[in-house]
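A look at the structure
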Amino acid sequence: MSRYDPAGVKRLAARIAMAAGVAESDAVVFADSLVEADVSGTATHGISRLAIYIRRLRSGLIDPRAVLRVERARAASLAVDAGNGLGQVQACKVLDLLVSKARDCGVAAATVRNSQHFGALSYYCNRAAAQDMILLATTNCEPAMSPHGGCQAFLGTNPIAASFPTGKGFPVKVDLSASVVARGRVIAAHKAGRAIPQGWALDPEGNPTTDPEQALLGTILTMAGHKGYALAVLVEVLSGVLSGASVGSKIGSMYKDLDRKQDVGHFFCLMDISAFVDVCLFKQRMDATIDAIKACRRQRGIDELFVPGERSHRTAQLNRQNGITLGSETVREITILCQELGVPFDLVCPMEASDSKSGG
């Protein structure tokens, strides 16, 4: 593994997106969302996915200049058609529209249909937290999990996320999928030719498997059995049924269905903290809660208790200083994209890093 300057990776990713037809301002948002995932240690949603996004753009499966269209609007709600555009770009535009509504009404919600896989939900939640707001976000995904007790993929891993501003220099960040593990980790294992742990997935016949290829053909297991299944259904209803997006097996695969769009749906609920409590008081109470959690009695051998988002914050600090790690396969894909699109490859590798030093 080699480390690269995040700012340099962002610039190159944006230039590649622009060469694929994305407007400059949109390309900057797109690149930022990918690299910030790598910075925070969520490499499964980072630059490793750049090649497939660009492939879908160049194949006409994503509209690089899509226009966001508001189909229904009330004082505190929006129903939006993303126009089959880049999910990251359209989601940020929807969030911007919600901010003014939440300032006026205290709470504002939006559904989004006709969208794509849009990376880590925490990216949008953190953007809201930086504006002293709380965003509860969900998205459905291509089929990866079966209903509890089944062995046919129907539901996506269907994440749900929220971030809460604090006075500690980082938000408390909750970002979890309804699956026992993010599907991106299975994809990463498949790319690297590594086995996956027992208990992650079933093969197409419903048998436990450690083969990532069989897992991708079969199903990822739900988190906590029937509880993860119920959470996945909740997300599917909010993101897919309510929005008018595709549901379950009708959602196009990002990697396999290179002949049709994905039609993913999202749900955003944005809360202006000041509508409920003074922002300074909220942050004081958050900080006191964090201190109380971290002061809890620890198990033997545990040096420190962490709140959600704290580890990724520390990882981000290290990665901003030392660079983000990119695997050789990802670098090769970027190099090929540059050659195909006529974009100069100018990444500088400041240091070498092994997996053990990746800060992930």
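For the structure itself, look to the data block above.
In this report, we go over the structure that sits alongside the text. (Residues numbered from 1 in each chain as written. Predicted model: local features only at pLDDT ≥ 70, side-chain atom pairs only at ≥ 80, totals over all residues. Heavy atoms only, no water.)

Quick word on the overall build of the chain
We count it as follows: Strands here mean DSSP runs of E at least two residues long; helices mean DSSP runs of H or I at least four residues long; both are numbered from the N terminus. The globule rule is 2.2 Å times the number of residues to the power 0.38, and the radius of gyration it is compared with is taken over C-alpha atoms. Think of it in three bands: with a 1.4 Å probe and only protein chains considered, a residue is buried below 20% of the maximum accessible area for its type, exposed above 50%, and partly exposed in between. By definition in these notes, contact holds between two residues if any of their heavy atoms fall within 4.5 Å. Note on areas: these come from Shrake-Rupley sampling with a 1.4 Å probe, and a residue is covered only by the protein chains present in the view.
Assigned secondary structure in the chain consists of eleven helices and 13 strands. For the chain, whose C-alpha radius of gyration is 20 Å, the value lies close to the compact-globule estimate of 21 Å for 360 residues. By its C-alpha atoms, the chain is 55 × 50 × 50 Å across when sized along the principal axes. A burial count over the chain gives 51% of its 360 residues as buried. Taking contacts inside the chain between residues at least 6 apart in sequence as the whole, the part at least 24 apart equals 67%. Summed over its atoms, the accessible surface of the chain is roughly 16,300 Å², and 53% of this surface lies on carbon and sulfur atoms.

A look at the packing of aromatic side chains
Counted only if it meets this: Think of it this way: a Phe, Tyr or Trp ring, Trp meaning its six-membered ring, pairs with another when their centres are within 6.5 Å, and the plane angle makes it stacked under 30 degrees, edge-to-face over 60, tilted otherwise.
All chains considered together, the criterion is met by five aromatic pairs. Between the aromatic rings of Phe30 and Tyr53, the centroid separation amounts to 5.4 Å while the plane-to-plane angle is 90°, which identifies the pairing as edge-to-face. Placement of the pair is Phe30 in helix 2 (residues 24–39) and Tyr53 in helix 3 (residues 50–58), with a sequence separation of 23 residues. Exposure remark for Phe30: the relative accessible area of 0% places this residue in the buried category. Considering the side-chain rings of Phe118 and Tyr124, the 4.7 Å spacing of their centres and the 25° angle between planes classify their relative orientation as stacked. With respect to class, Phe118 is no different from Tyr124; both count as buried. Three or more aromatic residues link up through ring pairs in this structure, and these residues are Phe118, Tyr123, Tyr124 and Phe268.

Points about the pairing of strand 6 (residues 160–164)
What counts is decided by this rule: Whether two strands pair depends on DSSP finding at least two bridges between them.
Summarising burial for strand 6: four of the five residues are buried, a large majority. Summarising the sheet, strand 5 (residues 133–139) and strand 6 pair through three bridges and their orientation is antiparallel. Residue pairing in the sheet places Thr138 in a bridge with Ile160 of strand 6. Taken together, the five bridges between strand 6 and strand 7 (residues 172–176) define a ladder with antiparallel strand orientation.

Overview of a nonpolar patch on the surface
Short version of the rule: Residues forming no salt bridge and having over 30% relative accessible area are the ones grouped into patches, like charges within 9 Å of each other and nonpolar side chains (Val, Leu, Ile, Met, Phe, Trp, Tyr) within 5 Å. Throughout this description, the term salt bridge denotes a Lys or Arg side-chain nitrogen within 4 Å of a carboxyl oxygen of Asp or Glu.
Taken together, the side chains of Val233, Val237 and Val241 present a nonpolar region at the surface, about 220 Å² in accessible area. Considering the arrangement of structural elements, one finds Val237 in helix 8 (residues 226–241).

Details of the nonpolar core
The cut-off we apply is this: What we call a nonpolar core is a set of buried Ala, Val, Leu, Ile, Met, Phe, Trp, Tyr and Cys residues that are connected through their side-chain atoms within 4.5 Å.
Counting 36 residues, the largest nonpolar core has Ile16, Leu50, Ile54 and Leu326 as its most contacted members. Non-local contacts of Leu326, meaning those with residues more than four positions away in its chain, are made with Met1, Ser2, Tyr4, Val9, Ile47, Val331, Ile334 and Leu347.

Things to note about helix 9 (residues 279–294)
Our working definition: In this scheme, a helix's expected span is set at 1.5 Å multiplied by one less than its residue total. Think of it as the arc spanned by the lines of direction from the helix axis to the C-beta atoms. As used in this structure description, the phrase polar contact means that two N or O atoms lie within 3.5 Å; if the pair is within protein, one of them must be able to donate a hydrogen and the other to accept it, and residues adjacent in sequence are counted only when both atoms belong to side chains.
Given a rise of 1.5 Å per residue, 16 residues ought to cover 22 Å, and the 22 Å separating the end C-alpha atoms of helix 9 matches this to within 8%. Within helix 9, the full set of buried residues consists of Val279, Phe282, Met286, Asp287 and Ile290. The arc that holds the buried residues of helix 9, viewed along the axis, is 135°, so those residues lie on one side. What points out from helix 9, more than 90 degrees from its buried face, is the exposed set Cys280, Gln284 and Arg285. Of the surrounding secondary structure, the elements contacted by the buried residues of helix 9 are strand 5, strand 6 and strand 7. The backbone nitrogen of Cys280 lies 3.0 Å from a side-chain oxygen of the residue at the head of helix 9, namely Asp278.

Remarks on the side chain of Ser179
With respect to the helices and strands, Ser179 occurs in the loop between strand 7 and helix 6 (183–192). Within polar-contact distance, the side chain of Ser179 engages the side chain of Ser177 at 2.8 Å. A distance of 2.6 Å separates a polar side-chain atom of Ser179 from the backbone oxygen of Val181. In this structure Ser179 touches Met145, Thr157, Ile220, Leu221, Thr222 and Met223, once residues within four positions along its chain are discounted.

A short note on empty space enclosed by the protein
To keep things clear, this is the line we draw: Definitions used for this entry: grid spacing 1 Å over protein atoms alone; cavity, a set of points where a 1.4 Å probe fits but cannot get out; pocket, an open set with protein on both sides within 12 Å along at least 5 of 7 lines; lining residue, one with an atom within 4 Å of a point. Grid points are joined across faces, edges and corners, and a volume is the space filled by probe spheres set on the points. Just so you know the grouping, Ala, Val, Leu, Ile, Met, Phe, Trp, Tyr, Cys and Pro go in nonpolar, Asp, Glu, Lys and Arg go in charged, and all remaining residues, Gly too, go in polar.
Overall, the coordinates contain one cavity of 30 Å³ or more when judged by the stated rule. Reported here for the largest cavity is a volume of approximately 40 Å³. Forming the walls of the largest cavity are Val22, Asp26, Asp63, Pro64, Ala66, Gly85, Leu86, Val89 and Gln90. Along the lines of polarity and charge, the residues of the lining of the largest cavity split into five nonpolar, two polar and two charged.

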